[in-house]
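Examination of the molecular architecture
Chain by chain, the residues:
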Amino acid sequence: MKVLKFGGTSVGSATRMKSVFNIINNGEKKIVVLSAMSGTTNSLLEIAAYLYKKNPDAAVELINTLELKYFRTIEDLYDTKEYKAKAMDDLKHHFDYIRSFTKKLFTLFEEKAIVAQGELMSTMLFSHYLNEQGLRAVLLPALEFMRVNKNAEPETQYLREHLLPMLEANKDADIFVTQGFICLNAYGEIDNLTRGGSDYSASLIGAAIAAEEIQIWTDIDGMHNNDPRVVEKTSPVSFLSFDEAAELAYFGAKILHPTCILPAKLAKIPVRLLNTMQPEAQGTLISNKTEMHKIKAVAAKENITAIKIKSGRMLLAYGFLRRVFEIFESYQTPVDMICTSEVGVSMTIDNDKHLNEILDELKKIGTVSVDKNMVIICVVGDLDWENIGFESRVIDAVKDIPVRMISYGGSNHNISLLVKDEDKLRTLRSLSDYLFNNEA
Ligand code: ADP
Ligand code: ASP
Ligand code: MG
């Protein structure tokens, strides 16, 4: 069985939902994972922000506007009065629930519960639509099988143990529909897999059922070789290895959630990125095959902080790096890039929640300096060290740009550069010119 995930734009209106129906209505049983309709998660977060700020009037205004969008969708989506009435009835429960928070004490828990309504509503609307069209659609509640532990890591065993019996109990279903993004946490509260997390839901579900393929349907024809939002003349990459795709997702290619490749890689399930607006396009196939001698794509990760720690005694002091990394570990702060020399080490982090505490500790073992507002530019492809000339092409592309750190050799498929935020665009554009468009 395949798992197909459709993102916010793909289910963003009645018309789009009808296109999704045409894509999935091919007689094959499948699991369809949906995001919230585009704009909904942002609206729900805005509503929550007003409730935090104890401004229920502003929240109610946004709730009313959001509700109107759903009324319109229901009007346009269904042909029959019966299904319009069913959907309106269900919708009322969701909006009653959202409105109930305008009268309560508001905490992070309530925010998560409100935000979850987006996926709960899109799947409700879509499964009614499938049923109206004559398919036997079964709605699988993600909150009954998707759970994360205290470290916010998905519990894969729990997922299998709860999802598989649901599939078994509904053997005569044509299509299963479920929510991406949402889950329960270790305390049994409603939670989520972080923004964009529906991709992660799909790959976790795919791995749990040993799916034949995981398809991520979105609004573009696959992974492009550079960020199409800011770089011109980008083009889709036909094939990526799991490692290449994971690196691009982690280092900023928004088309994929940063962690969604790992479950598919571990379960050896191919992932296909496809375009709902252009279903015939080839898209990108992500599998365990590596194409040799090719640089595939570039991505950028923003809001990076670089920290340098110098110690005159680093060379002699074995255990120095361990002490440095223990500090990051104790504040649960992952390190992305690392460059070392005899007298010092530079590292980058993207989560500066505990930056001050980390700096205070580091100052006890060396001289520390910090550069904020940096960007990691990640170049991905077959970058095995024995391939000659690839790294020099990357370096050529940044010959006029100040580069704070370069990391190469950490894996066979990545070179990372750290530049200032203000240099991000010209770095990305120059890399496209040098690496993909032969314009340098
Ligand atoms: P969805 O709502 O379907 O999950 P997203 O907005 O999360 O869609 O991801 C798709 C978007 O990712 C595209 O519209 C595109 O603008 C953006 N994007 C950023 N980098 C890339 C890239 N390298 N290749 C393709 N799309 C990218
Ligand atoms: N709806 C969620 C978001 O907007 C999850 C997703 O779309 O993947 O972040
Ligand atoms: Mg997304």
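Each remark here, short or long, concerns the structure printed above.
To keep things clear, this report deals only with the structure shown in the data block. (Residues numbered from 1 in each chain as written. Chains lettered and ligands numbered in written order. Predicted model: local features only at pLDDT ≥ 70, side-chain atom pairs only at ≥ 80, totals over all residues. Heavy atoms only, no water.)

Structural notes on the side chain of Lys-424
By secondary structure assignment, the location of Lys-424 is in helix α14 (residues 424–435). Here Glu-302 takes part through its side chain, which lies 2.2 Å from a polar atom of the side chain of Lys-424. Ignoring anything within four residues of it in the chain, the contact list for Lys-424 reads Ala-300, Glu-302, Val-375, Ile-377 and Val-419. (Helix = DSSP H or I, 4+ residues; strand = E, 2+ residues; numbered from the N terminus. Polar contact = N/O pair within 3.5 Å; in protein donor to acceptor, adjacent residues only side chain to side chain. Contact = heavy atoms within 4.5 Å.)

A look at helix α3 (residues 56–77)
With 22 residues, α3 extends 31 Å from end C-alpha to end C-alpha; this agrees with the ideal 32 Å at 1.5 Å per step. Of the positions making up α3, those classed as buried are Ala-58, Ala-59, Ile-63, Leu-66, Glu-67, Tyr-70, Thr-73, Ile-74 and Leu-77. Packing partners of the buried residues in α3 comprise α1 (14–24), α2 (40–52), α4 (81–100) and α6 (117–132). (Expected span 1.5 Å × (residues − 1). Buried < 20%, exposed > 50% of the residue type's maximum accessible area, 1.4 Å probe, protein only.)

Let's talk about the environment of Glu-28
With respect to the helices and strands, Glu-28 occurs in the loop between α1 and β2 (30–34). By relative accessible area, which is 39% here, Glu-28 ends up partly exposed. A C-alpha to C-alpha distance of 8.1 Å links Glu-28 and Ile-175, two positions 147 residues apart in sequence. With sequence-adjacent residues up to four places away left out, Glu-28 is seen in contact with Lys-2 and Asp-174.

Examining the nonpolar core
Formed by 108 residues in total, the largest nonpolar core has its most connected members in Phe-6, Leu-125, Phe-126 and Leu-256. A per-element tally of this core places α6 first, with 7 residues. Grouped together as the second largest cluster of nonpolar side chains are 20 residues, Ala-300, Val-394, Ile-415 and Leu-417 included. (Core = buried A, V, L, I, M, F, W, Y, C linked by side-chain atoms within 4.5 Å.)

Digging into the pattern of salt bridges
All told, the structure shown has 23 salt bridges when counted by the stated rule. The residue Lys-84 makes a salt bridge to Glu-75 at a minimum N-O spacing of 3.1 Å. Where Lys-296 meets Glu-244, a salt bridge forms, and the shortest distance between an N and an O atom there is 3.2 Å. Taken as a pair, Lys-296 in strand β11 (residues 295–310) and Glu-244 in helix α9 (residues 242–250) lie far apart in primary sequence, 52 residues in all. Residue classification places Lys-296 among the buried positions, given a relative accessible area of 5%. Through salt bridges that share partners, Glu-244, Glu-291, Lys-294 and Lys-296 make up one connected network. (Salt bridge = Lys/Arg side-chain N within 4 Å of Asp/Glu carboxyl O.)

Quick look at the side chain of Ser-35
Structurally, Ser-35 is set in the loop between β2 and α2. Only 3.1 Å separates the side chain of Ser-35 from the side chain of Ser-198, close enough to count as a polar contact. When sequence neighbours within four positions are dropped, the list of residues in contact with Ser-35 reads Lys-5, Phe-6, Gly-7, Gly-8, Val-11, Glu-119, Ser-122 and Ser-198.

Thoughts on the site of ligand 2
Around ligand 2, the neighbouring residues are Ser-35, Ala-36, Thr-41, Glu-119, Phe-181, Arg-195, Gly-196, Gly-197 and Ser-198. Contact between ligand 2 and Thr-41: a nitrogen atom at 2.8 Å from a side-chain N or O atom of the residue. Contact with the protein chains removes 86% of the 260 Å² of surface that ligand 2 exposes when unbound. Here the residues of the shell around ligand 2 are counted per class, giving 2 nonpolar, 5 polar and 2 charged. (Near = heavy atom within 4 Å. Areas by Shrake-Rupley, 256 points an atom, 1.4 Å probe, with all protein chains shown as cover. Nonpolar A, V, L, I, M, F, W, Y, C, P; charged D, E, K, R; others polar.)

What to know about the site of ligand 1
Near ligand 1 you find 15 residues, and of these Lys-5, Thr-218, Asp-219, His-224 and Lys-254 are the closest. In this structure, His-224 approaches ligand 1 through a main-chain N or O atom, which is 2.8 Å from a nitrogen atom. Within the side chain of Lys-254, an N or O atom sits 2.7 Å from an oxygen atom of ligand 1. Protein contact buries 86% of the 570 Å² of open area that ligand 1 shows by itself.

Some details on the sheet that holds β2
Pairing in this open sheet of 8 strands is mixed, and the strands run β3-β4-β2-β1-β7-β9-β10-β8 from one edge to the other. The outermost strands of the open sheet, each flanked by one partner alone, are β3 (137–140) and β8 (239–241). In this sheet, neighbouring strand axes are inclined to one another by 20 degrees on average, regardless of whether the strands run parallel or antiparallel. Docked against the sheet, α1 engages β1 (2–6), β2, β4 (175–179) and β7 (213–218), running at close to 165 degrees with respect to β1. Along the sheet, α9 makes contact with β8, β9 (271–275) and β10 (284–287), crossing β8 at roughly 90 degrees. (Pairing = 2+ DSSP bridges. Axes fitted to C-alpha atoms, helices over the stretch in contact; angles between N-to-C directions.)

With respect to the pairing of β1
Among the 5 residues of β1, 5 are classified as buried, and the element is accordingly described as predominantly covered. A two-sided burial pattern is seen for β1, the buried positions comprising Lys-2, Leu-4 and Phe-6 on one face and Val-3 and Lys-5 on the other. Where β1 and β7 come together, 5 bridges link them in parallel fashion. When the bridges of β7 are listed, Lys-5 appears paired with Ile-216. Here β1 runs beside β2; their pairing, made up of 5 bridges, is parallel. In the strand pairing of β2, Lys-5 is matched with Val-33. Viewed along the sheet, the connection from β1 through α1 into β2 turns out right-handed. (Right-handed = clockwise from strand over helix to strand, strands pointing away.)

On their own, these measurements won't tell you what the molecule is for.
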